[in-house]
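Residue-level structural notes
Each chain, written out:
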Amino acid sequence: MLTQLNQLEDWLTDNKSRNYLLPLRVAGHLFLFLILMISNVFAIIRWPLASVKRKITRGKTHSRNQVRESAVNEVDARELEQILQRQELVLVDFWAEWCGPCIMMNKSLKRLAESENVGCTVVKIDTVKHKRVAEKYNVKGLPTLLLIRNNEEIKRYAGALSYQELMEFVQK
């Protein structure tokens, strides 16, 4: 679904100057706005439940200092710096639990991390808990993805991506 929404957004951008398409463009923008609002409502409803679940399961799945290669790792500032020093290629997802598009990307990020074709470590930074890290990396919107090679940022993308778009983002 993210792919189709991104395609709609691209179409709207490409057809800005065509006045005869104004009614379709207005309808497209309204549709994107509606999807964004619905995803945010679901995220806000899900937020307290996910927080409780995370607190209950924290520590049961892995030790805090262990980075799992085939999983999405939630890290803090210190752990991020350690990972950036040790790993050659790291995909960093800046997110928040109240952010609908961030939640929509969870499955895609998990599939990407579990994929054997990707040679990178996937980490997530909760911008609510770690505001200073988001400020350090100049994160202005959510979700923001950074691709970092050898501790140097090589790519940045703000917005939600589908699994296929994530694969292209990491591989190009």
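Residues numbered from 1 in each chain as written. Predicted model: local features only at pLDDT ≥ 70, side-chain atom pairs only at ≥ 80, totals over all residues. Heavy atoms only, no water.

1. Remarks on the state of the cysteines
Cut-off, in case you're wondering: A pair of cysteine sulfur atoms is labelled a disulfide when the two atoms are within 2.5 Å. Each residue gets one of three labels from its accessible area relative to the maximum for its type: buried under 20%, exposed over 50%, partly exposed in between, using a 1.4 Å probe on protein chains only.
With the rule as written, the count across this model stands at one disulfide. Disulfide partner of Cys99: Cys102, at an S-S distance of 2.4 Å. Disulfide Cys99-Cys102: the torsion about the S-S bond is 75°, which places it as right-handed. Of the two residues examined, Cys99 and Cys102, each falls in the buried class. Free of any disulfide, Cys120 has its nearest neighbouring cysteine sulfur in Cys102, separated by 18 Å. For Cys120, a relative accessible area of 5% puts it in the buried group.

2. Re the packing of aromatic side chains
Put simply, the rule reads: Between rings of Phe, Tyr and Trp, where Trp is taken as its six-membered ring, a pair exists when centres lie within 6.5 Å; planes separated by under 30 degrees are stacked, by over 60 edge-to-face, and by other angles tilted. Numbering of helices and strands runs from the N terminus, with a helix taken as a DSSP run of H or I at least four residues long and a strand as a DSSP run of E at least two residues long. Either the NZ atom of lysine or the CZ atom of arginine qualifies as a charge over a ring when it sits within 6 Å of the ring centre and within 35 degrees of the ring normal.
Under the counting rule described, the total for this entry stands at one aromatic pair. Aromatic side chains Phe94 and Tyr137 sit 5.9 Å apart centroid to centroid with 45° between the ring planes, which places their arrangement in the tilted category. One end of the pair, Phe94, is in strand 2 (residues 89-95); the other, Tyr137, is in the loop between helix 6 (131-136) and strand 4 (144-149), with 43 residues separating them in the sequence. The same class applies to Phe94 and to Tyr137, which are both buried. Seen from the ring of Tyr163, Arg111 lies directly overhead, with NZ or CZ sitting 3.8 Å from the centre. The ring of Phe169 is capped by Lys155, whose NZ or CZ atom sits 5.3 Å from the centre of that ring.

3. Focus: the pattern of salt bridges
Which entries qualify depends on this criterion: One speaks of a salt bridge when a side-chain nitrogen belonging to Lys or Arg is within 4 Å of a carboxyl oxygen belonging to Asp or Glu.
This structure, assessed with the given rule, holds four salt bridges. Lys136 is paired through a salt bridge with Glu81; the nearest N and O atoms lie 3.0 Å apart. With Lys136 in helix 6 and Glu81 in helix 3 (residues 77-86), the pair connects residues that are 55 residues apart, well separated along the chain. The salt bridge involving Asp93 is made with Lys124; its shortest N-O contact spans 3.7 Å. Taken together, the residues Asp93 in strand 2 and Lys124 in strand 3 (residues 121-126) connect sequence positions 31 residues apart. The same class applies to Asp93 and to Lys124, which are both buried.

4. As for the side chain of Asp76
Note the following rule: For the purposes of these results, a polar contact is taken to be a pair of N or O atoms within 3.5 Å, where, inside protein, one atom must be able to donate a hydrogen and its partner to accept one; residues adjacent in sequence count only when each atom of the pair is a side-chain atom.
Relative to the helices and strands, Asp76 resides in the loop between strand 1 (72-74) and helix 3. At a separation of 3.2 Å, a polar atom in the side chain of Asp76 contacts the main-chain amide nitrogen of Arg78.

5. A few points about the pairing of strand 2
This is how the line gets drawn: By this definition, two strands are paired if DSSP reports at least two bridges between them.
Burial of strand 2 is extensive: seven of the seven residues sit out of reach of the surface. Note that strand 2 and strand 4 share six bridges and pair antiparallel. Bridge pairing links Val90 to Ile148 in strand 4. With six bridges connecting them, strand 2 and strand 3 associate as parallel partners. By the bridge assignment, Phe94 is partnered in strand 3 with Ile125.

6. Remarks on the nonpolar core
Keep this limit in mind: What we call a nonpolar core is a set of buried Ala, Val, Leu, Ile, Met, Phe, Trp, Tyr and Cys residues that are connected through their side-chain atoms within 4.5 Å. We call two residues in contact when some of their heavy atoms are within 4.5 Å.
Ranked by internal contacts, the top residues of the largest apolar core, which has 20 residues, are Leu91, Leu112, Val122, Leu166 and Val170. Listed by contribution, the elements that provide at least two residues to this core are strand 2, helix 5 (106-114), strand 4 and helix 7 (163-171). Not counting residues up to four positions away in its chain, the partners in contact with Val170 are Leu89, Leu91, Leu112, Val118, Cys120 and Leu147. Val75, Val90, Phe94 and Val133 belong to the second largest nonpolar core, which has 15 residues in total.

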